[in-house]
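# Coordinate inspection notes
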Amino acid sequence: MLFEEERQQKIADYVQTRERASVQELAQQFQVSESTVRRDLKILEESRQLRRTHGGAVALVHDNSEPPFMEKEDSYRAQKEAIAKAAAAMIQEGDTIVLDSGTTTYYLAKELKAFKQLTVVTNSVMAAQELLTHQGIDLVLTGGSLRHETLAMVGPLTEKALKSVYVDKAFLATNGLDPLIGLTTPNILEASAKQSILHSAKQVILLADHSKYGKVSFAKVAELPDIDHCITDDGMPENAREELEAAGISVTVVHAGGKGHEL
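Residues numbered from 1 in each chain as written. Predicted model: local features only at pLDDT ≥ 70, side-chain atom pairs only at ≥ 80, totals over all residues. Heavy atoms only, no water.

## Describing the side chain of Asn187
With respect to the helices and strands, the residue Asn187 is situated in the loop between strand S12 (182-185) and helix H9 (188-198). The exposure class of Asn187 is buried, given its relative accessible area of 18%. Side-chain polar atoms of Asn187 contact the backbone nitrogen of Glu190, separated by 3.0 Å. (Helix = DSSP H or I, 4+ residues; strand = E, 2+ residues; numbered from the N terminus. Buried < 20%, exposed > 50% of the residue type's maximum accessible area, 1.4 Å probe, protein only. Polar contact = N/O pair within 3.5 Å; in protein donor to acceptor, adjacent residues only side chain to side chain.)

Have a look at this one:
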């Protein structure tokens, strides 16, 4: 018979190794009742060793890697394009918006060329490059120090510019999206810029494909309740949608190449 703390550590290791496990599976593996397993999972979630789901648990994925922008651009491209189209549908002529730096927000920048009158504030070099010749866009660049990995402008100058505006909508990107820990990104300076974006808008809309869910990076950006709306794709687990809604976030789910539906 294992002591309680020893059993909980073995459960955490078991889930981490297999990435997910059901309550029934854990009860059989460790020869305890399902109610004991549920209690152990609650304790392990509180200590951030795993994340509970309906009927079991999944491993937390700690991912501090940061591939170059051009490498990330083609990852889940169909999903990102569909998310971007749904995001563009939330924008009206005459709106003022902030575009965060990220590959999905870059695809949104491409969609904005259909508008005749928008004010766009951005710290994304790629988004700015996409929009700089479009006559219908009043483009405001934040300035700042360039991060070559993500082609984002960051630092005190960026944050000062973002804090000097207040827009209708902010479109935010993230590296990690976890219901317990919130939004995270690998770099502290980028996290700080994103926090400034959060406070610059009446409505904050997160653009996150399903691969971001359950991942945790080094630098904390925000808690889930800081987000008003999330646009994601139908690869997101069903329980993930429920967890986002439980945090007060309205969710739009898109099909790759299709329109989204409100949940």
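Structure shown, so let's carry the discussion forward.
## With respect to the environment of Thr36
Here Thr36 lies in helix H3 (residues 34-46). Separated by 86 residues in sequence, Thr36 and Thr122 have C-alpha atoms that sit 50 Å apart.

## Describing helix H10 (residues 238-246)
Among the residues of H10, Asn239, Ala240, Arg241, Glu243 and Leu244 are the ones counted as buried. Contacts made by the buried residues of H10 are with strand S2 (51-53), strand S11 (176-178), strand S16 (229-233) and strand S17 (250-254). (Contact = heavy atoms within 4.5 Å.)

## Overview of the packing of helix H5 (residues 77-88) against helix H6 (residues 103-111)
Where H5 contacts H6, the two axes come as close as 8 Å, and the packing angle between them is 55°. When the axes of H5 and H6 are compared, the pair comes out oblique. In this structure, H5 crosses over H6, and the sense of that crossing is right-handed. Across the interface between the two elements, Arg77, Lys80, Glu81, Ile83, Ala84, Lys85, Ala87 and Ala88 from H5 touch Thr103, Thr104, Tyr107, Leu108 and Glu111 from H6. Of the residues assigned to the contact of H5 with H6, the class counts are six nonpolar, two polar and five charged. (Axes fitted to C-alpha atoms, helices over the stretch in contact; angles between N-to-C directions. Parallel < 35°, antiparallel > 145°, perpendicular 65-115°, else oblique. Left-handed = near helix turned anticlockwise from the far one by under 90°. Nonpolar A, V, L, I, M, F, W, Y, C, P; charged D, E, K, R; others polar.)

## Quick notes on the sheet that holds strand S1 (residues 20-22)
Taking strand neighbours across the sheet as the criterion, the three strands line up as S1-S3-S2 in an open arrangement whose pairing is antiparallel. With one partner strand each, in any of the chains shown, S1 and S2 form the two edges of the open sheet. With direction set aside, neighbouring strand axes in the sheet form an average angle of 25°. When S2 meets strand S3 (residues 56-58), the two strands line up antiparallel, connected through three bridges. Residue pairing in the sheet places Thr53 in a bridge with Gly56 of S3. Strands in contact with helix H1 (residues 4-18) are S1 and S3; relative to S1, the strand with the most contacts, it is inclined by about 120°. Lying over the sheet, helix H2 (residues 23-30) contacts S1 and S3, oriented at roughly 80° with respect to S1. (Pairing = 2+ DSSP bridges.)

## What about the pairing of strand S13 (residues 201-207)?
Within S13, five of the seven residues are buried, leaving the element largely enclosed by the surrounding structure. Strand direction decides the pairing type here: strand S10 (residues 167-172) and S13, joined by five bridges, are parallel. Pairing of Ala170 across the sheet is with Val204, part of S13. Sheet topology note: the S13/S16 ladder contains three bridges and is parallel. Considered in S16, the bridge of Leu206 is made with Cys230.

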